[in-house]
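Given next are the chains, with one letter for each unit.
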Number of protein chains: 2
Amino acid sequence: MRQGDMLLPTLRETPADAEIKSHQLLVRAGYIRKNASGIYSFLPIGNKVLRKVEAIVREEMENAGAMEMNMPALQPSELWKETGRWYTFGPELMRIHDRHEREFALGATHEEVITSIIRDEVKSYKQLPLSLYQIQTKFRDEKRPRFGLLRGREFLMKDAYTFHDSYESLDEHYEKMYTAYSNIFTRLGLNFRAVIADSGAMGGKDTHEFMVLSDIGEDTIAYSDTSSYAANIEMAPVTATYERSNETPLDKEKVATPNCKTMEDVSVFLGHELDQGIKSIMFKVDEKLVLVVARGDHEINDIKLKNLYDGAMVELAREEEVRKAMGAGFGSLGPINVPSSVEIVADHAVQALSNVTCGANEDGYHYKNVTPGKDFEVATYADLRFIQEGDPSPDGKGTIQFAKGIEVGHVFKLGEFYADKMNASYLDENGKSKTMLMGCYGIGVSRTLASIVEQYHDENGITWPKQVAPFHVHLLALNMKKEEQKELAERLYDKFKQAGIEVLFDDRKERAGVKFADSDLIGIPLRVTVGKQAGEGYVEFKLRATGEQTDVHEDDVVAHVTSWLNQN
Amino acid sequence: MRQGDMLLPTLRETPADAEIKSHQLLVRAGYIRKNASGIYSFLPIGNKVLRKVEAIVREEMENAGAMEMNMPALQPSELWKETGRWYTFGPELMRIHDRHEREFALGATHEEVITSIIRDEVKSYKQLPLSLYQIQTKFRDEKRPRFGLLRGREFLMKDAYTFHDSYESLDEHYEKMYTAYSNIFTRLGLNFRAVIADSGAMGGKDTHEFMVLSDIGEDTIAYSDTSSYAANIEMAPVTATYERSNETPLDKEKVATPNCKTMEDVSVFLGHELDQGIKSIMFKVDEKLVLVVARGDHEINDIKLKNLYDGAMVELAREEEVRKAMGAGFGSLGPINVPSSVEIVADHAVQALSNVTCGANEDGYHYKNVTPGKDFEVATYADLRFIQEGDPSPDGKGTIQFAKGIEVGHVFKLGEFYADKMNASYLDENGKSKTMLMGCYGIGVSRTLASIVEQYHDENGITWPKQVAPFHVHLLALNMKKEEQKELAERLYDKFKQAGIEVLFDDRKERAGVKFADSDLIGIPLRVTVGKQAGEGYVEFKLRATGEQTDVHEDDVVAHVTSWLNQN
């Protein structure tokens, strides 16, 4: 492709609304243009990368035995009402009505549509399992679209759905999809982790998020420094390895702690470490008040609390509720002299403590030298805190580190959730009607493209890995007015095309400086420059990522490129 | 692919709402399923065909030098307001607002979006011409969606746009697109015509529709029986080759024609041929009344009338307007004694007539023996009628035949239409600002798929041409319980896959009759049946389209298939 013929507008300035590197560089290098907030066009060079990412996704889906199909964006509201999501999805789900006032959802996801198709077409266990996918545009009206392609309102997604007559079959396909996802992100050259995630309101069993590691990620991942273990920090269990203190319990002592609002304030005021105090936070679990107690340096994890109470509604108690029940406000709560209407639960770490500080349930006062068991009783000890860096990894291998991640994929055992609500059933071997089991699996294709740029760039532009680069070779003729340069460049351009090498030829009448800057910005992995050595038949090879340079004779150019392309 | 693992539900019954063959067969053979009126999912086998059609379209677009890009479905209403189409497009344009009450059009076409991108990015004649395309989902809220994929509300389209600094450049790219379209429909095996069409309200110059010939088509094409000439019947000019009558003009005579409402009634009543009368129809051209006169066997073409008056607003006059001006109703109008406020125009054919019948402008009366020039004057003679079968072809070669057609493609020289309204300008070589010129080019991809089925089917099902067939070979094992059949079929399945032959393997435990019927319905071009001759190593080849059969030995099967695949 000749650069002069392409729509490939590069910008020197960073767009004002582009906060992160992938957004800045994809706009500056002419890959995308914004049409409205969170809505982008892919210009030709961006479309090329998108197609390459898509092709890798498609190959691995086919390897996993999934069949491609194609479902519509316009989805009858009746289907969304069957699952209740018409009411619960919120304003993210875009809604539209046709000329006959019939309501439709603009597809944010396709569980309802695929389940409606499968319930109509599949009647027998003999037709199961089924594994289906599509690569299709999705619509979600994000409250704050930002970060370019990372959080858009219209985006490209690969979504897959599997249907089963047993949990063994669901497990097997989940495993296949998990492997396919690992292959996809590995082939894309991404530094990622498969992270144990929260199954949330879906009521499903297992779920993993595939996270590309990046400082701009909005999720925190807890991962082992020596094994493949990784989990969303909300999900990582803490292994209870606390050693009981040997100190002799002392008598508790009430002390004034004026103006101490937080655990940090108290520890500074009383001159002890954070882990020599215990914090007490009041939650409402359904309608019951629960005082949750944890070591001063730990953070209470309300998802674990929720799981302890088997998915009940969990929220922080309001200050007036706290004061009414305990006689003190947030800053001075503690587990001593708690009314019987309030249940006390504590994190495992608390059980190992002696002679620590806690709130006195009296504004401005704390107790010193408090010991659990002696000074207060706990109804249940459980794992109730967030994991921390330095904790042992839950799989017993190594210690936990934290990283930020961008979610690019998600695999999910839905179980009966949708099939039950939508009456997707089949007859088993004995002619008995049963509810299907289901899994769903998504990859944000355009988001993945952006996350590649987050990991592959330097101060001058993008540094595409070659498997997704828009072209393999960027051929630059530094001075098209010099006949020998022009001729050599044109010859090489023809040779590349004949050899099936994807080449972008900068044949523009621009200064060399402009061409080099654009080339760095666009980020094609191999640059072949025709310059002053053209007379001797030599050109310069330069690898965009490493800066490595070599001079190569015209006759060897194609062989060199081919050999470079064939390196893994 | 094993048929037992696929989502490939076939139906014996024809769906009640499916009026035409492509709709019936695509549903019955498991290619598509309806999600709502005019909205379909492509099941896996349908998606395969769609991808093959897409691939051919893509290849020919690349050959024509067009660059693929991708624009969003959600389009800011502001852009549509710039061209005025927000108000004029009507209810076919689906509209939606986001959570901030900002309005969007759901892309029915992308002229506005592409023009907004190009006006922002292109500043100089040096960046022109540009040729861009996308393959993308479109939304049009049809009043009466019908005929399955032929008139849907959500459908796949290839749309291309070109931008230019001269009409020569626009002409050149129009020519390239025209050729690409001819190549595409030829490669798809379609019997089609490129038809001169009406540029309508677009104000553009040339426009051609690509029509697949089919009895269920909603457009009528006038084509030459000996040349490539074809036009929408509204557009075909009539060559004036009328020979003047030699008869001596007689004196006109008023006769009663009771209960004669039409030209047919009058000719029967008075006992003459249709072409021995003239019909007179009153139009309103802007605010002026115009009496249009044509020979009795001809149909007046209001588009030609509109063109005669240079695009004025043309409509039929209402009965009360007619009666007020002429003193008679619709059935008795004629060009004699017409008030001066009414202009008379006539089709060329009228000028050659003598002694014919016309209305007397008095209810229930006509004149006999009327001759133009003698009995009435005509302001303008022009080509004002529809072409008819048997007329000479306008290109001077052969005579005109009619056919029905399905519009699958459209190429259009828009000229300045959009660029002018949206201020898409560039600086020319002298630094002067000029309005860009534009062309647009569309192919209905899913509609094309359906039109292939309209041309490729028989009473038992679809008969795909091999270039778009979902698979090359349908491998049938008639009795999977017989070990020798099962083993041979499995061996062949492996061999086909290794040879890169696309094969669907019916490994189901169904009766032979069911397998044959499904195979005919699905329409894969080559069937390889493993049956009773399996013991001797023989299988049966059968071409779906012709029914031609051969027995082939196992060892020769792959070679035979490969050689068949390589035939043209």
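Report on the accompanying structure. These figures come from a predicted structure and were not determined experimentally. (Residues numbered from 1 in each chain as written. Chains lettered and ligands numbered in written order. Predicted model: local features only at pLDDT ≥ 70, side-chain atom pairs only at ≥ 80, totals over all residues. Heavy atoms only, no water.)

Comments concerning the overall build of chain A
The test is simple: Secondary structure elements are taken from DSSP: a helix is a run of H or I of four residues or more, a strand is a run of E of two residues or more, and numbering for both begins at the N terminus. Every residue pair with non-hydrogen atoms within 4.5 Å of one another is taken to be in contact. A 1.4 Å probe and the Shrake-Rupley method give the accessible areas. Residues count as covered only by the protein chains that appear here. In summary, the charge assignment counts Lys and Arg as positive and Asp and Glu as negative, without counting His or the chain termini. For charged residues, the charge sits on one atom: NZ in Lys, CZ in Arg, CG in Asp, CD in Glu.
From N to C terminus, chain A includes 14 helices and 31 strands. Structurally, chain A occupies a C-alpha span of about 95 × 65 × 45 Å along its principal axes. Counting contacts in chain A only where the partners sit at least 6 residues apart, residues at least 24 apart contribute 69% of the total. Put simply, chain A shows about 23,600 Å² of open surface, and 46% of that area lies on carbon and sulfur atoms. One way to put it: in chain A the 68 positive side-chain charges average out to a point 4 Å from where the 90 negative ones average out.

Points about the sheet that holds strand 27 (residues 473-477) of chain A
All names here are of chain A. Cut-off, in case you're wondering: Pairing between strands requires that DSSP locate at least two bridges from one strand to the other. Between N-to-C directions, angles cover 0 to 180 degrees, with each direction set by a line fitted to C-alpha atoms, over the stretch in contact for helices.
Taken together, the five strands give an open sheet; going across it, the order is 28-27-29-30-31, and neighbouring strands pair in mixed fashion. Here the strands that pair on one side only, and so sit at the sheet edges, are strand 28 (503-506) and strand 31 (549-553). For this sheet, the mean inter-axis angle between neighbouring strands, taken without regard to orientation, is 25°. Looking at chain direction, strand 27 and strand 28 are connected through four bridges and run parallel. The partner of Leu476 across the bridge, within strand 28, is Asp506. Across the face of the sheet, helix 12 (residues 483-498) comes into contact with strand 27, strand 28, strand 29 (526-530) and strand 30 (538-543) while running at roughly 160° to strand 27.

Observations regarding the sheet that holds strand 18 (residues 356-359) of chain B
All names here are of chain B. An order of 13-19-18 is seen for the three strands of this open sheet, with the pairing classed as antiparallel. Each having just a single partner strand, strand 13 (253-256) and strand 18 make up the two edges of the open sheet. On average, each strand axis in the sheet is tilted by 35° relative to the strand beside it, whichever way the strands run. Of the strand pairs in this sheet, strand 13 and strand 19 (residues 365-370) are connected by four bridges, and their pairing is antiparallel. Within the sheet, the bridge partner assigned to Val255 lies in strand 19 and is His366.

Focus on the packing of aromatic side chains
Inclusion rule: In this scheme Phe, Tyr and Trp rings, the latter by its six-membered ring, pair at centre separations within 6.5 Å, and the angle between planes marks the pair as stacked below 30 degrees, edge-to-face above 60, and tilted otherwise. A simple rule labels every residue: compare its accessible area, found with a 1.4 Å probe on the protein chains alone, to the largest value its type can have, and call it buried under 20%, exposed over 50%, or partly exposed in between. Here, over-ring charges are defined by two tests on the NZ atom of lysine or the CZ atom of arginine: distance to the ring centre within 6 Å, and angle to the ring normal within 35 degrees.
Scanning all chains against the criterion turns up 22 aromatic pairs over all chains. Ring centres of Phe192 of chain B and Phe210 of chain B lie 6.2 Å apart, and the angle between their planes is 35°; on these two criteria the pair is classed as tilted. Pair noted here: Phe192 of chain B is in strand 9 (residues 192-196) and Phe210 of chain B is in strand 10 (residues 207-213), with a separation of 18 residues, a long-range link. For Phe192 of chain B, a relative accessible area of 19% corresponds to the buried category. A centroid spacing of 5.0 Å and a plane angle of 40° characterise the contact between Tyr493 of chain B and Phe505 of chain B, whose relative ring orientation is tilted. Here Tyr493 of chain B is found in helix 13 (residues 483-498), whereas its partner Phe505 of chain B is found in strand 28 (residues 503-506), with 12 residues between them in sequence. What makes Phe505 of chain B buried here is its relative accessible area of 0%. Put simply, the rings of Tyr178, Tyr181, Phe185, Phe192 and Phe210 of chain A pair up and form one aromatic cluster. A cation over an aromatic ring shows up here: Lys421 of chain A above the ring of Phe417 of chain A, its NZ or CZ 5.0 Å from the ring centre.

Overview of the side chain of Glu142 of chain A
Rule in force here: For salt bridges, the criterion is a side-chain nitrogen of Lys or Arg within 4 Å of an Asp or Glu carboxyl oxygen.
One can find Glu142 of chain A in the loop between strand 7 (130-139) and strand 8 (154-164). For the buried residue Glu142 of chain A, which engages in no salt bridge, the nearest side chain bearing the opposite charge is Arg151 of chain A, 4.1 Å off. Other than its neighbours up to four places away in sequence, Glu142 of chain A contacts Glu92, Arg151, Gly152 and Arg153 of chain A together with Arg99 of chain B.

Topic: the relation of the copies chain B and chain A
For clarity, the threshold we go by: Copies overlap after least-squares fitting; the atoms used are the C-alpha atoms of residues with pLDDT of at least 70 in both.
With an RMSD of 0.1 Å, chain B superimposes on chain A once it is rotated by 180° and translated 0.1 Å along the axis. These values place the two chain copies in the arrangement generated by a two-fold rotation axis. Taking C-alpha positions as the reference, the residue of chain B nearest the rotation axis is Ile96 of chain B, at 2.8 Å. Both copies share a contact surface, since 100% of the interface residues of chain B are interface residues in chain A too.

Purely spatial values, then, with no claim about function.
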